[in-house]
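Residue-level structure breakdown
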Amino acid sequence: MRVLLIEDDHLLGEGVVAGLRQAGFEVDWVQDGQSGLDALRGERFSAAILDLGLPRLPGLDLLRKLRAEKRTIPVLVLTARDAPGNVIAGLDTGADDYMVKPFDLNELSARLRALIRRATGVAASLIEHAGVVLDQAARTVHYRGQLVDLGTKEYALLEDLLLNTGRALTRGKLMETLYSWGSEIESNALDVHIHHLRRKLSPDLIRTVRGVGYMIAK
Ligand code: CA
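Quick caveat: nothing in here was measured; it's all calculated off a predicted structure. (Residues numbered from 1 in each chain as written. Predicted model: local features only at pLDDT ≥ 70, side-chain atom pairs only at ≥ 80, totals over all residues. Heavy atoms only, no water.)

1. Quick look at the overall build of the protein chain
Of the regular secondary structure elements, the protein chain holds 8 helices and 12 strands. Expected size for 218 residues packed as a compact globule is a radius of gyration near 17 Å; at 18 Å, the protein chain falls within 12% of this value. Along the three orthogonal principal directions, the C-alpha set of the protein chain runs to about 55 × 35 × 30 Å. Counting only residues that meet the buried cut, the protein chain has 50% of its 218 residues in that class. (Helix = DSSP H or I, 4+ residues; strand = E, 2+ residues; numbered from the N terminus. Rg over C-alpha atoms; globule rule 2.2 N^0.38 Å. Buried < 20%, exposed > 50% of the residue type's maximum accessible area, 1.4 Å probe, protein only.)

Okay, structure coming up:
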């Protein structure tokens, strides 16, 4: 799952990026509101973490524009402890959750996972489908009761497809969720990961949708 961090505090930003990567997220980071809005308009992120006090475009204005454009991406707002009114303003403007600085990075990861699940209509952190059990909290995958050893990208790809069961995901969308800016990407990477998933799980689990991409059928 790929998330966008919009935060102008350098030290905090670096900490959050490192912590979320550790937790298995792909993370991109911009340091002003306008760049954040541009990134969210242009690319596919599973969620955004939004600071409110930002240069170029304040966080609440960004959020207002995003919602006015009917963009439903989950947004978690970061607020300062000494500004309780921010929480109410953030939620009223369309934020899905908030955290008060300083915050615990493990809690941030858990909240992001929950927000992303809810946005895709999945209620529990255990996603079960056709003999596959993916545990988002433990980051493990079992197939027919056996633990399956998956690479980071294989796991992320399977998670994306499972969260969107019944919907075909384009190659472009799948690639955007797998790789943050500046990652080295091989052109056949997606097909290789799909091949590995089919071999490690079941050959019929992931369907090729010709001319589009891939899907896991309902
Ligand atoms: Ca700030």
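2. What to know about helix α4 (residues 84-93)
Taken residue by residue, α4 has V87, G90 and T93 as its buried positions. Mapping the buried residues of α4 onto a view down its axis gives an arc of 140°, with all of them on the same face. Exposed residues lying more than 90 degrees from the buried face of α4 are P84, I88 and D92. Check the buried side of α4 and you find it contacts α3 (59-68), β4 (75-80) and β5 (97-101). Of the residues trailing α4, G94 is marked for its positive phi of about 120°. (Arc of directions from axis to C-beta. Contact = heavy atoms within 4.5 Å.)

3. Some points on helix α5 (residues 105-119)
Between its first and last C-alpha, α5 extends 21 Å over 15 residues, near the 21 Å set by a 1.5 Å rise per residue. Listed as buried for α5 are L108, S109, L112, R113, A114, L115, I116 and R117. At its buried positions, α5 is contacted by β1 (2-6), α1 (10-22), β3 (47-51), β4, β5 and α6 (152-163). Its side-chain oxygen placed 3.2 Å from the backbone nitrogen of N106, D104 serves as the N-cap of α5. Just downstream of α5 lies G121, where phi reads positive at about 85°. (Expected span 1.5 Å × (residues − 1). Polar contact = N/O pair within 3.5 Å; in protein donor to acceptor, adjacent residues only side chain to side chain.)

4. Overview of the nonpolar core
Counting 48 residues, the largest nonpolar core has L20, F25, I49, L108, V141, L158 and L161 as its most contacted members. Of the residues forming this core, the biggest block, 7 residues, is contributed by α6. Dropping the residues within four chain positions of it, I49 is found in contact with L4, L5, I6, V16, L20, L76, L78, L108 and L112. (Core = buried A, V, L, I, M, F, W, Y, C linked by side-chain atoms within 4.5 Å.)

5. Overview of the pairing of strand β8 (residues 140-143)
Here β8 shows a clear split, with V141 and Y143 buried on one side and none of T140 and H142 buried on the other. Pairing analysis gives 4 bridges linking strand β7 (residues 132-135) to β8, with the strands arranged antiparallel. The partner of D135 across the bridge, within β8, is T140. What sits between the antiparallel neighbours β7 and β8 is a turn of 4 residues, in which R139 has the positive phi angle 55°. Bridge count for β8 against strand β9 (residues 146-148) is 3 bridges, and the pairing is antiparallel. Opposite Y143, over in β9, you have Q146 as the bridge partner. (Pairing = 2+ DSSP bridges.)

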